[in-house]
Amino acid sequence: MGLGGCIILIAAGAILTFATDWEMQGVNLDLVGVIFMIVGLIGVATFSSIARRRRVVVPPNSPVIDEGRHTGRDGYGA
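An account of the accompanying structure is given in this report. (Residues numbered from 1 in each chain as written. Predicted model: local features only at pLDDT ≥ 70, side-chain atom pairs only at ≥ 80, totals over all residues. Heavy atoms only, no water.)

### Section: the overall build of the protein
As a reminder, the rule being used: Secondary structure elements are defined from DSSP: runs of H or I of at least 4 residues count as helices, runs of E of at least 2 residues count as strands, and each element is numbered from the N terminus. Each residue gets one of three labels from its accessible area relative to the maximum for its type: buried under 20%, exposed over 50%, partly exposed in between, using a 1.4 Å probe on protein chains only. With residues, only the protein chains shown are counted as cover, and all accessible areas are computed by Shrake-Rupley using a 1.4 Å probe.
Within the protein, the regular secondary structure consists of two helices and zero strands. Buried residues in the protein amount to 13% of all 78 residues. On the protein, roughly 6900 Å² of surface is accessible, and the fraction owed to carbon and sulfur atoms is 62%.

Okay, structure coming up:
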């Protein structure tokens with residue numbers, strides 16, 4: 001599940017908990033909404049942790065060498 005799915009879970013949980021007054025026999029919709037919000041927050045934390053680990057940081061002082069760009073005698077490439 002990506003970041004969008006986690007945000008949708010949080011939003012659906014908040015709607016179920018705070019914006020509805022439906023009554024269902026045998027189901028506590030407030031509790032279901034809180035569970036959705038908790039699962040969404042856990043998903044966001046996991047996603048951000050994985051995304052932080054995947055980042056590649058290039059040192060700022062590393063030289064850039066472009067060996068694939070050579071020009072001919074007339075100044076145009078190849």
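The rest of the description comes next.
### What about helix α2 (residues 29-54)?
Each turn of an α-helix holds 3.6 residues, which means side chains three or four residues apart point in the same direction. Threshold: A helix is expected to span 1.5 Å for every residue after the first. Here a polar contact is recorded for every N or O atom pair within 3.5 Å, except that within protein the pair must consist of a potential hydrogen donor and a potential acceptor, and residues adjacent in sequence are included only if both atoms are side-chain atoms.
Taking 1.5 Å of rise per residue, 26 residues should cover 38 Å, and α2 covers 37 Å from first to last C-alpha, within 8% of that figure. Buried within α2 we find Leu29, Gly33, Met37, Gly40 and Gly43. Measuring from the side-chain oxygen of the N-cap residue of α2 to the backbone nitrogen of aspartate 30 gives 3.2 Å; that N-cap residue is asparagine 28.

### Here we look at the packing of helix α1 (residues 3-19) against α2
Definition in use: Angles shown run from 0 to 180 degrees and are taken between the N-to-C directions of axes, each axis being a line fitted to C-alpha atoms and, for helices, limited to the stretch in contact. Put simply, angles under 35 degrees are roughly parallel, angles over 145 are roughly antiparallel, angles from 65 to 115 are roughly perpendicular, and the rest are oblique. In this scheme, a crossing is called left-handed if the near helix is turned counterclockwise away from the far one by less than a right angle; it is called right-handed if the turn is clockwise. Each residue is assigned to one of three groups, with Ala, Val, Leu, Ile, Met, Phe, Trp, Tyr, Cys and Pro labelled nonpolar, Asp, Glu, Lys and Arg labelled charged, and all others, Gly among them, labelled polar.
Across the interface, α1 lies against α2 with an axial gap of 7 Å and an inter-helix angle of 155 degrees. Here α1 lies roughly antiparallel to α2, going by the angle between them. Crossing of α1 against α2: the hand is left-handed. Tallied by class, the residues present in the contact of α1 with α2 amount to 17 nonpolar, five polar and one charged.

### Quick look at a nonpolar patch on the surface
Our working rule: Surface patches are drawn from residues lacking salt bridges whose relative accessible area is over 30%; two like charges belong together within 9 Å, two nonpolar side chains (Val, Leu, Ile, Met, Phe, Trp, Tyr) within 5 Å. For salt bridges, the criterion is a side-chain nitrogen of Lys or Arg within 4 Å of an Asp or Glu carboxyl oxygen.
On the surface, a nonpolar cluster with roughly 470 Å² of combined accessible area is contributed by Met1, Leu31, Ile35, Phe36 and Val39. Exposure remark for phenylalanine 36: the relative accessible area of 31% places this residue in the partly exposed category.

### Side note on the environment of valine 34
When you line up the elements, valine 34 lands in helix α2. The class for valine 34 is partly exposed, based on a relative accessible area of 33%. Note: C-alpha distance between valine 34 and phenylalanine 18 (16 residues apart in sequence) is 9.7 Å.

### Thoughts on the side chain of threonine 17
Along the chain, the position of threonine 17 falls in helix α1. For threonine 17, a relative accessible area of 15% gives the class buried. Looking at threonine 17, its side chain comes within polar contact range of the main-chain oxygen of aspartate 30, at 3.4 Å.

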